[in-house]
Amino acid sequence: MRIKFIIVGLLLTMAIHANASEDKYWRILSPDEQTELEVKLEPDSLYYRLSSKGKRLLRWSKLGLALKDAPPLQANLHLTSTDISITDQSWQPVWGEHASVANHYQQLILGLQETTSPERLINYTFRVFNDGLGFRYGLPANDGQPKQLTVAEELTEFAFDRNFSAWWIPAYRDQRYEYQYLNSALSSVDVAHTPFTLEDKQAGIAVAIHEAALVDYASMTLRNQSDNQITFNADLVPWANGDKAYIRLPFNSPWRTITVAEKAVDLLNSSLVLNLNEPPAENVDISYIKPGKYMGIWWEMHIGEKDWSPGPKQGATTERAMQYIDFASQHDIDGVLVEGWNSGWEGNWWERTPTFSFTEATQGFDIEKVSQYAKDKGLRLIGHHETAAGISYYEQQMAEGFSLYQKLGVQSVKMGYVGTRLDGKEWHHGQFMVRHFAKVVKTAAANQIMINAHETIKDTGLRRTYPNLMTRESVRGMEYNGGSPDTGNLPNHTVIIPFTRGLAGPIDFTPGIFNFNYQKYRPHNRVPTTLAKQLALYVTLYSPLQMAADLPENYADHPAFAFIDAVPTDWQKSVALQGNIGEFLVTARQDKHSDRWYVGATTNEEPRVISLPLNFLEPDMTYRAIRYQDGSGAHWENNPGDYDIVEQQVRAGQSLTLDLKAGGGQAIEFIPLQ
Ligand code: NOJ
Ligand code: CA
């Protein structure tokens, strides 16, 4: 099957190859001339700085690489070539938030060489977009010089212009990427994961620092150069031995990305990170790739009603799986996940060297029977590979595990890497994990299987190159509301993550909890939203695979399930309309396969009345709007289940008033009428 990848539009390239060793300063503008990159060559380093709409974002910041057993590649460089070009194209992802993505930028490539021995070569590519900047390092293969290098440090600086308000999670912590976001002055940040979101509301600036195309390198965190300052360094997550990354020439680093907008909500409308990833290989098989919804034996374990371990509370049984399949087959749900299906989950599985089998089912679960039953009912079983961070152990069984799933007709596999270090010593965000996860994605593709990964390396847009890499958790998800000893997420969490973690890519947050009353198992935990907000999350949190996370009996005969049934997972267009980080978010998306529109509106613990102009709808068309809204007495803490379903006819140009209660939300389906 050939990939549906078409480049349309204009591709304009003007290349200037100069031997202008005198040249020491360049100024490159975005196509709309609003983003301004300046680059200068000084004896000690190449520097860059960035402005948007006349406002400075970064002051002069150094670039370079430190290598092990060799001098740093930074100072004493002279120019060997300059290449400036404009690209204006659009491309069609296999699936995504948009059916078509515009990619329009001006590019500067500088070729540089050391003036002193060993006269190594380095090049820098900068792409200036209307909504930001991407740049990367390139090391060409150089005759007579080593081809395998060890990066000891990346010398990239981000010298921020002002003490922004920062939204961030700490790096180098045991819960990997699963933290409640902090909001502090930039100068109070020590070391943070990316996406790292900054704003200066008064000045009208929002910025997100991240990276694109992390293919075979360590992930970048941002470290404050000195206490209480605002200049940061790219800090690469090391291997256990301290080395940062092993590279082979010719080499291109991941792109360092700086997305820019006037308001934080507009950062959500950027495709800069995806644009900096490579298209898929020409002959990639996409026949089996299908966005959709799933359910599964999962939440009942997290709330303590069932267990992963075999025994009296065993969640994964043939009978229970068939109940899920029965419910799912009556709705628009494509797959059923069964956690604990395989042998090896006894006791505290996360605390020991793994004992899982990836081919042998646990007692009481007949995998052949269940997958056949699913097939007969027109859906699929979803696989589960929890590795408990035992990578070497898992890799011995990985190929067999995927091949069994392919035989059984399993279409997607949920991965898990619970643990504080991989193989007892490696960080989840180092090159070790990047390499392992690439193997997973490729092995899955060879078996026509889609991937949904938890606790994995952060997303940098590789879904463009590997369209079977559907979604990932890598966030503090719904599971924390189930059984976390810290009692769960705060009500503002889901109005922070779209502006931070969500800028990296799809989130398997697993929304859809309808039954808030599980305190007989977990007296201290709760889901910190209203029911209407649970529905709105299907729109505000993008994922091509979305879970309906609650138990089938909690959905049965529940009118609000109609929204989960109806909401698509693949989109023609998406637009984040209104929002403030940590306060609220309103997002609209149009179904990829129909003229229906969907809106999700969510608030933090504060009630909020929002006026929503319906400008996104087609003009001259009337729609039936089905609104799933907070009931008059709804409140996340003491009355989460109170909701109403209200219908009305609307047209573009009208406005709706959304009355969101504390911790509440609203989900709306717009169906065009003839
Ligand atoms: C952590 C995952 O995030 C969660 O979804 C899963 O249920 C457990 N690990 C067990 O694999
Ligand atoms: Ca997790």
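Conventions we followed
- Residues numbered from 1 in each chain as written.
- Chains lettered and ligands numbered in written order.
- Predicted model: local features only at pLDDT ≥ 70, side-chain atom pairs only at ≥ 80, totals over all residues.
- Heavy atoms only, no water.
- Helix = DSSP H or I, 4+ residues; strand = E, 2+ residues; numbered from the N terminus.
- Contact = heavy atoms within 4.5 Å.
- Near = heavy atom within 4 Å.
- Polar contact = N/O pair within 3.5 Å; in protein donor to acceptor, adjacent residues only side chain to side chain.
- Areas by Shrake-Rupley, 256 points an atom, 1.4 Å probe, with all protein chains shown as cover.
- 1 Å grid on protein atoms, 1.4 Å probe; cavity = no way out; pocket = protein on both sides within 12 Å on 5 of 7 lines; lining within 4 Å.
- Sits in = over half its atoms within 2 Å of the grid points.
- Donors = N, O, S within 2.8 Å, 3.2 Å for Na, K, Ca; no water.
- Buried < 20%, exposed > 50% of the residue type's maximum accessible area, 1.4 Å probe, protein only.
- Core = buried A, V, L, I, M, F, W, Y, C linked by side-chain atoms within 4.5 Å.
- Domains from an automatic or database assignment.
- Buried area = accessible area lost by both parts, 1.4 Å probe.
- Salt bridge = Lys/Arg side-chain N within 4 Å of Asp/Glu carboxyl O.
- Nonpolar A, V, L, I, M, F, W, Y, C, P; charged D, E, K, R; others polar.
- Points joined across faces, edges and corners; volume = space filled by probe spheres on them.

A. Structural detail: the environment of F232. With respect to the secondary-structure elements, F232 resides in strand β19 (residues 231-236). Residues F232 and T156 lie 76 residues apart in sequence; the distance between their C-alpha atoms is 8.6 Å. Residues contacting F232, with those up to four places away along its chain left out, are T156, E157, F158, F160, L186, V189, D190, L222, R223, N224 and Q225.

B. Region of interest: the site of ligand 1. Surveying the vicinity of ligand 1 reveals 14 residues, the closest of which are E339, E386, K414, H454 and E455. Between ligand 1 and E339 there is a distance of 2.6 Å, counted from an oxygen atom to a side-chain nitrogen or oxygen. Within the side chain of H384, an N or O atom sits 3.5 Å from an oxygen atom of ligand 1. Computed on the free molecule, ligand 1 has an accessible area of 300 Å², of which 97% lies beneath the protein chains in the complex. Most atoms of ligand 1, that is more than half of them, are within 2 Å of grid points of the largest pocket.

C. Spotlight on the coordination of the calcium ion (ligand 2). The calcium ion (ligand 2) binds to the protein through E178 (OE), E178 (OE), E455 (OE), E473 (OE), E473 (OE) and E479 (OE); the donor distances cover 2.1 to 3.1 Å. Between consecutive donors of the calcium ion (ligand 2), the numbers of intervening residues give the motif E-x276-E-x17-E-x5-E. Of the two residues, E178 sits in the loop between β13 (165-168) and β14 (182-185) while E473 sits in the loop between β28 (469-472) and α8 (479-483), which places them 295 residues apart along the sequence. E473 matches E178 in its accessibility class, with the two residues each being buried.

D. Geometry of the nonpolar core. Counting 174 residues, the largest nonpolar core has Y48, F126, F158, F196 and I258 as its most contacted members. Per-domain counts for this core show at least three residues from each of domain 1 (3-273) and domain 2 (292-474). Counting 19 residues, the second largest nonpolar core, distinct from the first, contains A588, L612, F616 and Y623.

E. Just the domain arrangement of the protein chain, in detail. Here the domain parsing of the protein chain yields domain 1 (3-273) and domain 2 (292-474). Between domain 1 and domain 2, the contact holds 33 residues from the first and 29 residues from the second. Here domain 1 meets domain 2 over a buried area of about 2,700 Å², counting both sides, of which 57% is carbon and sulfur. When the buried area of domain 1 at its contact with domain 2 is split by residue, W95, R176 and W239 rank highest and sum to 26% of it. The interface formed by domain 1 and domain 2 includes 4 salt bridges. Of the charged contacts, one joins R435 and D216 as a salt bridge, the two residues approaching to 2.8 Å between their closest N and O atoms. Our enumeration of links across domain 1 and domain 2 arrives at 17 residue pairs in polar contact (both at pLDDT 80 or more). In terms of residues, the side of domain 1 that touches domain 2 owes the most to one element, strand β17 (residues 205-212), which gives 3 residues. The residue makeup of the side of domain 1 that touches domain 2, split by class, is 20 nonpolar, 5 polar and 8 charged.

F. Main features of empty space enclosed by the protein. All told, the structure shown has 6 cavities of 30 Å³ or more when counted by the stated rule. Considering only enclosed or pocket space, the largest cavity measures out at about 540 Å³ in volume. Every residue lining the largest cavity is counted, 36 residues in all, and those nearest its centre are E97, L268, S270, G502 and L503. If you list the elements that add at least two residues to the lining of the largest cavity, you get β17, β22 (255-261), α2 (272-275), β30 (571-580) and β31 (584-591).

G. Geometry of the layout of surface pockets. There is about 870 Å³ of room inside the largest pocket. Forming the walls of the largest pocket are 35 residues, and the residues nearest its centre are H302, W308, W349, V418 and E479. Listed by contribution, the elements that provide at least two residues to the lining of the largest pocket are α3 (299-302), β25 (380-386), β26 (412-416) and α8. Each of domain 1 (3-273) and domain 2 (292-474) accounts for three or more of the residues forming the lining of the largest pocket. Of the voids in this model, the second largest pocket is the one considered here, and its volume is about 400 Å³. Along the wall of the second largest pocket there are 21 residues; nearest its centre are K290, P291, T569, D570 and H593. Counted by class, the lining of the second largest pocket contains 10 nonpolar, 3 polar and 8 charged residues. Two domains each put at least three residues into the lining of the second largest pocket: domain 1 (3-273) and domain 2 (292-474).

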